[in-house]
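Here is what each chain is made of, one letter per residue.
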Amino acid sequence: QEQPVTMRNVSEVILRFTIQMNPPFDVEPKPDWELEPNEAATIRVSFDPDYRGDCQSHEVRDKLLVCYDDNPHVDSIDLGAELSFPNLDLSHSFIDFGSVLNDTTKREYVTV
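Now for a description of the structure that goes with this document. (Residues numbered from 1 in each chain as written. Predicted model: local features only at pLDDT ≥ 70, side-chain atom pairs only at ≥ 80, totals over all residues. Heavy atoms only, no water.)

As for the pattern of salt bridges
The line we're drawing: What counts as a salt bridge is simple: a side-chain nitrogen of Lys or Arg found within 4 Å of a carboxyl oxygen of Asp or Glu. Accessibility here uses a 1.4 Å probe with only protein chains present; expressed as a share of the type maximum, an area under 20% marks a residue as buried, one over 50% as exposed, and anything in between as partly exposed. In DSSP terms, a helix is any run of H or I states spanning at least four residues, a strand is any run of E spanning at least two, and both are numbered starting from the N terminus.
Tallying each qualifying case throughout the model produces 5 salt bridges. Where E59 meets R61, a salt bridge forms, and the shortest distance between an N and an O atom there is 3.2 Å. Overall, E59 belongs to the partly exposed group, its relative accessible area being 49%. Judged by its relative accessible area of 54%, R61 is exposed. Where D78 meets K63, a salt bridge forms, and the shortest distance between an N and an O atom there is 2.4 Å. Taken together, the residues D78 in strand β7 (residues 74–83) and K63 in strand β6 (residues 58–68) connect sequence positions 15 residues apart. Overall, D78 belongs to the exposed group, its relative accessible area being 58%. The partly exposed category is assigned to K63, whose relative accessible area is 38%.

Concerning the side chain of S46
Note the threshold: Any two residues whose heavy atoms approach within 4.5 Å are treated as being in contact.
You can see S46 is positioned in strand β5 (residues 40–47). Setting aside its immediate chain neighbours within four residues, S46 contacts Q1, E2, P24, F25 and D26.

Describing the sheet that holds β6
To keep it simple, the criterion reads: Each pair of strands is called paired provided DSSP finds at least two bridges between the two strands. In this analysis an axis means a line fitted to C-alpha atoms, helices contributing only their contacting stretch, and an angle means the value between N-to-C directions, from 0 to 180 degrees.
One open sheet holds the 4 strands; their spatial order is β4-β2-β6-β7, and the pairing between them is antiparallel. Looking at the sheet topology across the chains shown, the edges are occupied by β4 (32–35) and β7. This sheet shows a mean twist of 25 degrees between the axes of neighbouring strands, independent of strand direction. Summarising the sheet, β6 and β7 pair through 10 bridges and their orientation is antiparallel. Bridge pairing links E59 to E82 in β7.

Looking at the layout of surface pockets
Rule in force here: Within this scheme a cavity is a closed region of a 1 Å grid, computed over the protein atoms alone, that accommodates a 1.4 Å probe without allowing it to escape, whereas a pocket is open but has protein on both sides within 12 Å along at least five of seven lines; lining residues each have an atom within 4 Å of a point. Grid points are joined across faces, edges and corners, and a volume is the space filled by probe spheres set on the points. Classification convention: Asp, Glu, Lys, Arg as charged; Ala, Val, Leu, Ile, Met, Phe, Trp, Tyr, Cys, Pro as nonpolar; all other residues, Gly among them, as polar.
Counted as a void, the largest pocket has a volume near 360 Å³. Lining the largest pocket are 22 residues, with R8, L15, F17, V66 and Y68 positioned closest to its centre. Mapped onto the lining of the largest pocket, the elements with two or more residues apiece are β1 (2–8), β2 (15–20), β6 and β7. Its residues assigned to classes, the lining of the largest pocket comprises 13 nonpolar, 4 polar and 5 charged. The calculated volume of the second largest pocket comes to roughly 210 Å³. Lining the second largest pocket are 13 residues, and of these Q3, F25, V45, F47 and G80 sit closest to its centre. If you list the elements that add at least two residues to the lining of the second largest pocket, you get β1, β5 and β7. Among the elements that make up the lining of the second largest pocket, the one with the highest residue count is β7 (5 residues).

A short note on the sheet that holds β1
A sheet is described by the order of its strands in space; here 3 strands give the open sequence β1-β5-β3, paired in antiparallel fashion. Pairing within the sheet leaves two strands with one partner each, and these edge strands are β1 and β3 (25–28). Direction aside, the axes of adjacent strands within the sheet are offset by 30 degrees on average.

Below, the structure written as structure tokens:
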């Protein structure tokens, strides 16, 4: 999955900055930028839905950080993804039948 983000330098000076984020999010084409006054550029923020490899439904939240070279101020954009896989929620993760006599039956019930 990818989402475009357009950035514009609205100041009167050259703007140098770095874009930072954590996996499973990534940025293309590059993390280091220099924009002239009033110049705009578009990046693509991507998300890798298979980063865990476990096919479990979950949500991921993080931030895209814009760190300026000569300024301590940091801007941020909230990032989020919701992964939905066809999963079951079972009431037990282990079933212990204990001792069972020969020629008898023991049942345990699992709620799905």
